[in-house]
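Examination of the molecular architecture
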Amino acid sequence: MGLSLTHKIIRDHLVSGEMTPGAEIELSIDQTLTQDATGTMAYLQFEAMGVDRVRTELSVSYVDHNTLQVGFRNPDDHRYLQSVAKKYGIVFSPAGTGICHQLHLEHFARPGRTLIGSDSHTPTAGGVGSLAMGAGGLSVAMAMAGKPYAITMPKVVNVHLTGELRGWATPKDVILHLLGLVTVKGGVGRVFEYTGPGVATLSVTDRATICNMGAELGATTSIFPSDERTFSWLDLMRRPKEFVELGADADATYDETIEIDLSALEPLAACPHMPDKVKPIRELEGLTVDQVCIGSCTNSSYTDLWSVARILDKELVAENTDLFIAPGSKLVLKMLAEADLIGSFIDAGARILECACGPCIGVGGSPNSGGISLRTFNRNFEGRSGTQDAQVYLVSPLVAARAAIDGGIFDLSEWGDPPYKPDMPNNVPSIAHLFIYPPEPDDAQGVRIVRGPNIVALEDFAPLPATIESSVALKVGDNITTDHIMPAGSTIIALRSNVPAISEYVFNRVDATFPARMREAGTGVILGGENYGQGSSREHAALAPRHLGVRAVVAKSLARIHRANLVNFGILPLLLADKDDYERIPQGARLTIPAGEIVPGGEIALTVEGAGEVRVGNDLTDKELAIIKAGGLLNYVRA
Ligand code: MIC
Ligand code: SF4
C-alpha cells in the first residue's frame, strides 16, 4: 500500500509509536525556530535544562513580533535572545530582517525535514515540503535539547487540487474556501496534504500562503510535495543542493479526501470575527473601508507585493482609507527596490512599515474606533487589531490593494483583469549576510547572557494535589482563542519574559477582574466550550493562568497546541463526557476534582456544587499525566 508524503516524513523521523491515527507518536526534529515573543520564555526554559549547545541540525531565533521598542523592555529581550543564540549555537535574525516564516521559507526550510517552531504559523514551511508544526516554547526548547517531539498521529487529508486559479482568485482564496468548508476546528488532529494536477500551477509562495493559514483550521500542519516548482524556488534562493523530489506514492491512501477545482474559486473574505466566516467578495459590494493592511506571514512575499504594486501603479489611495504595507522580509524589500516597485507604493500614498508582524498582532496600525479594516493576514479575532470594536476582514493582496484605491469594495464589474500571475525575477539578491551565525563551540564558552530587568527568572510550580478543591473561575463559550486568554498588542507583548507582570492581563478583554479574583481565590478552574485555546502557540496562555492558580480546564474540546501547553505547565485538560453538562455548571460553582483518581483515557466524577456529579474524561497519555502530576514538563524532566 502506497504512502502519503506526510506518512513518509513521519516514518523517517519516527522515534516511538505507531502511525495509527490517534496514537501518540514521537518524532525526531531536524530544525527549530523561535520568534521574540515566545522565544524569551523558550530560551529561559532551554537554559534551565543545562544543555551546552543545541542538538538540532539548525535552530534559528527570529526577532519579528515586537520590534517597536517602546521603552527598554523589547530591546532588553532582543539583547537576551542574541546572547543566548551566540552561546548555544543558534542562528540569530535581528529585528527588522523579516517575519520568521517568510525568512525561514527563503533561507532555511528544506523538503523532507521536520521543523517545530514556537509560533502557530510554522507550517508555512510546508510550502517547500517540510513537515513543519507549531508548538509551545517549552516543546521547542526540548527539541533544541535533542528530545523528540510528541504529537497525536494525525489523520491525513488529501486535498486534491484540479484546474487553475482564474481572474481575481488567488491562493488566499483556496485556504479561505477550505476554512468556509471545514471551519476553524475542522482541521484538529489532521494534516492537510495537497496533491493533484493543480499543485503544479502554484508557486512555492502560493503554497506557503495556503499552508500558513492551515493553522486556522486547527490542523497539525499542511504540506505540499517537493517538485519542479520547489527546485526553482530553492535555486533562486541559492540553495539548489537542498532540493529533493518528494511526494506521495501514486497509490497512496488517505483518511479523508477534499476536492477543490481551482478554476471554480472566486475572491473571498473572512468576515468579523473568525477566519471561517467566509463570504464571496461580491456579497460585500458597497462596503466602505477605513484601513487596508498588506503583509503578515500569510501574504507578504515578493509575488504578493508585485501584484499590489501593479494595482497601485499611478493610482492614489482613497482619502478615507489608510494603507499599510509591511514586506515579509528584507529580501522581499530588496527585490521590490531592484524591480523599481517601491515607487508605486510611495506615490500611491501607502505607509511602508518595517519587515515585521506589526499590525497583525496589534503592534501598531490599529484601526480607528469601529473602523473597517481589510487585511491580508490570517486572524481577525475580535480585538486582536488593538481596537476592540474594529471590524476586520481577511482578504487577498489583490482585493486589499483594489479596496485601498477605491476606499472600499465598489464596482466589482469594473475591476478588469487582475495583474496575476507574477513571476520571480531571474536574479534574486541576497540578504544572507544579515543573519548572525554563532561561533564554534569552543569560542562560545565565555559568552555572557545579557539579562535586562525585564528578563524574570522562571518560577517553580507545585505538583498536582490528589484532590483539587476549587471553583469555576470563568465560564466561556466556543472557539475561545489564545488572544482571548492572553492578549497581545504592544503593551502586553512586551511582558512576555516577565510572567508575574503579564499575568495581570489574563482574560483582560473577556473579564478584566479575572486576575484579581484568582489572586483572592488562590486556585481556579476554567470552563470552556468547543475548541478552547484555538489560534496561537503562545504558551503564556497556559503559563500565566497557571501562575494565577488555574489547575484545570474543563471543556467540550481543546485545540492541539494549547492542550499541549496546558500539559507542559501542569494544568489538567479535562473533557466533558456529556457536552450538555456544560449548561448545568455556572460560573462561580464550587467543585471538587479527585485528581489522584485520573487514569489516561478514563473518566472521573467531579462534584459540582448545585449540579451534583459531572463526568469528565481525558485524552492524556501515561507520560502526559505524569508530567501534570509533577507540576509541569520542566519538573518532570528535572526529576
Ligand atoms: C499570532 O499570530 O498569534 C502569534 C503572535 O504569532 C502567535 C505567537 C505569539 O503569541 O507570540 C502564534 O501564532 O503562535
Ligand atoms: Fe506574525 Fe501575524 Fe504571522 Fe503571527 S500571524 S507570525 S503575528 S505575521
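Here, the structure is the one placed above.
So, how was this worked out
- Residues numbered from 1 in each chain as written.
- Chains lettered and ligands numbered in written order.
- Predicted model: local features only at pLDDT ≥ 70, side-chain atom pairs only at ≥ 80, totals over all residues.
- Heavy atoms only, no water.
- Helix = DSSP H or I, 4+ residues; strand = E, 2+ residues; numbered from the N terminus.
- Buried < 20%, exposed > 50% of the residue type's maximum accessible area, 1.4 Å probe, protein only.
- Lys, Arg positive; Asp, Glu negative; His and termini not counted.
- Salt bridge = Lys/Arg side-chain N within 4 Å of Asp/Glu carboxyl O.
- Contact = heavy atoms within 4.5 Å.
- Near = heavy atom within 4 Å.
- Polar contact = N/O pair within 3.5 Å; in protein donor to acceptor, adjacent residues only side chain to side chain.
- Areas by Shrake-Rupley, 256 points an atom, 1.4 Å probe, with all protein chains shown as cover.
- 1 Å grid on protein atoms, 1.4 Å probe; cavity = no way out; pocket = protein on both sides within 12 Å on 5 of 7 lines; lining within 4 Å.
- Sits in = over half its atoms within 2 Å of the grid points.
- Nonpolar A, V, L, I, M, F, W, Y, C, P; charged D, E, K, R; others polar.
- Pairing = 2+ DSSP bridges.
- Axes fitted to C-alpha atoms, helices over the stretch in contact; angles between N-to-C directions.
- Parallel < 35°, antiparallel > 145°, perpendicular 65-115°, else oblique.
- Left-handed = near helix turned anticlockwise from the far one by under 90°.
- Points joined across faces, edges and corners; volume = space filled by probe spheres on them.
- Core = buried A, V, L, I, M, F, W, Y, C linked by side-chain atoms within 4.5 Å.

1. Examining the side chain of K556
With respect to the secondary-structure elements, K556 resides in the loop between β24 (550-555) and α19 (560-568). D478 provides the closest opposite charge to the buried, unpaired K556, separated from it by 4.3 Å. Not counting residues up to four positions away in its chain, the partners in contact with K556 are D478, G528, G529, E530, L575, L576, K579 and Y582.

2. Some points on the site of ligand 1
Around ligand 1, 14 residues are found, and the nearest of them are H65, D119, S120, S537 and R538. The side chain of D119 places a nitrogen or oxygen atom 2.7 Å from an oxygen atom of ligand 1. S120 places a polar side-chain atom, nitrogen or oxygen, 2.6 Å from an oxygen atom of ligand 1. With the chains in place, 97% of the 330 Å² that ligand 1 exposes on its own is no longer accessible. Among the cavities detected, the one that contains ligand 1 is the largest cavity. Residues of the shell around ligand 1, tallied by class, amount to two nonpolar, seven polar and five charged.

3. Describing the sheet that holds strand β4 (residues 58-62)
Strand order in the open sheet formed by five strands is β5-β4-β3-β6-β7, with parallel pairing between adjacent strands. Of all strands in the sheet, those with a lone pairing partner are β5 (91-93) and β7 (131-134), marking the two edges. Here the strands of the sheet are splayed against their neighbours by 15° on average, with no regard to which way each runs. Relative to β4, strand β3 (residues 31-35) runs parallel, the two sharing five bridges. Bridge pairing links L33 to V60 in β4.

4. Focus: the packing of helix α2 (residues 36-48) against helix α5 (residues 137-144)
Running from N to C, α2 and α5 point in directions that differ by 45°, and their axes come no closer than 8 Å. Overall, the two elements α2 and α5 adopt an arrangement that is oblique. Considering the relative orientation of α2 and α5, their crossing is right-handed. Residues A42, Y43, Q45 and F46 of α2 form the contact with α5, whose participating residues are G137, L138, A141 and M144. Partitioned by chemical class, the residues of the contact of α2 with α5 number six nonpolar, two polar and no charged.

5. Thoughts on the site of ligand 2
What surrounds ligand 2 is the set H65, H101, D119, H121, S296, C297, C357, C360, I361, N378 and R384. Of all the cavities here, the one that holds ligand 2 is the largest cavity. Tallied by class, residues from the shell around ligand 2 come to four nonpolar, five polar and two charged.

6. A word on empty space enclosed by the protein
Summed over all chains, the structure comprises eight cavities of 30 Å³ or more. Estimates place the volume of the largest cavity at around 220 Å³. In this structure, the largest cavity is lined by 22 residues; those nearest its centre are H65, D119, I361, R379 and R384. In the lining of the largest cavity, the residues fall into seven nonpolar, ten polar and five charged.

7. Some details on the packing of α2 against helix α3 (residues 73-88)
With their axes 10 Å apart at the nearest point, α2 and α3 run at an angle of 45° to one another. As far as their axial angle goes, α3 and α2 are oblique. When you trace α2 past α3, the crossing you get is left-handed. Residue-level contacts link D36, G39, T40, Y43, L44, F46 and E47 of α2 to D77, H78, Y80, L81, V84 and Y88 of α3.

8. A look at the sheet that holds strand β2 (residues 24-27)
Reading across the sheet, the three strands line up as β1-β2-β8 and stay open at both edges, with antiparallel pairing between neighbours. Strands with a single pairing partner mark the edges of an open sheet, and in this sheet they are β1 (14-16) and β8 (149-152). Between one strand axis and the next, the sheet turns through 45° on average, direction left out of account. On the sheet, helix α1 (residues 5-13) packs against β1 and β2 and is oriented at approximately 55° with respect to β1.

9. Some points on the side chain of S536
The topology assignment puts S536 in the loop between β23 (524-527) and α18 (540-548). Separated by 2.7 Å, the side chains of S536 and T482 make a polar contact. Within the local environment of S536, its side chain forms a polar contact with the side chain of R538, the two groups lying 3.0 Å apart. Sequence-distant contacts of S536, defined by excluding residues within four places in its chain, comprise S120, R379 and T482.

10. Let's talk about the nonpolar core
Among the nonpolar cores identified, the biggest contains 99 residues, and F507, F514, I526, Y532, L572 and I593 are the most heavily contacted of them. Looking at this core, the element that brings in the most residues is α5, giving six residues. Those residues in contact with I593 that sit more than four places away from it in its chain are A466, T467, I468, V525, A552, L572, L574, I604 and L606. The next biggest cluster of nonpolar side chains, apart from the first, holds 65 residues, and it includes V292, L341, V395 and A403.

11. Describing the pattern of salt bridges
Evaluation of the coordinates by the stated rule reveals 26 salt bridges. With its nearest N and O atoms 3.1 Å apart, the salt bridge here joins R11 to D12. E47 is paired through a salt bridge with R451; the nearest N and O atoms lie 2.6 Å apart. Separated by 404 residues along the polypeptide, E47 in helix α2 and R451 in the loop between α13 (441-444) and β22 (468-475) bring together distant segments of the chain. A residue is classified by how much of its surface remains accessible, and R451, at 45% relative accessible area, is partly exposed. Several salt bridges converge on common partners, so that one network encompasses R110, R239 and E242.

12. Here we look at unusual backbone geometry
Look at the link from P272 to H273: it is a cis peptide, with omega at -5°. Locating H273 in the fold gives a position in the loop between β13 (268-270) and β14 (278-280). Residue K314 is not a glycine yet carries a positive backbone phi of 60°. Here K314 lies in the loop between α9 (302-312) and β17 (322-325). What makes K314 exposed here is its relative accessible area of 76%. With phi around 45°, D411 is a residue other than glycine that occupies positive phi space. Mapped onto the elements, D411 comes out in the loop between β21 (408-409) and α13.

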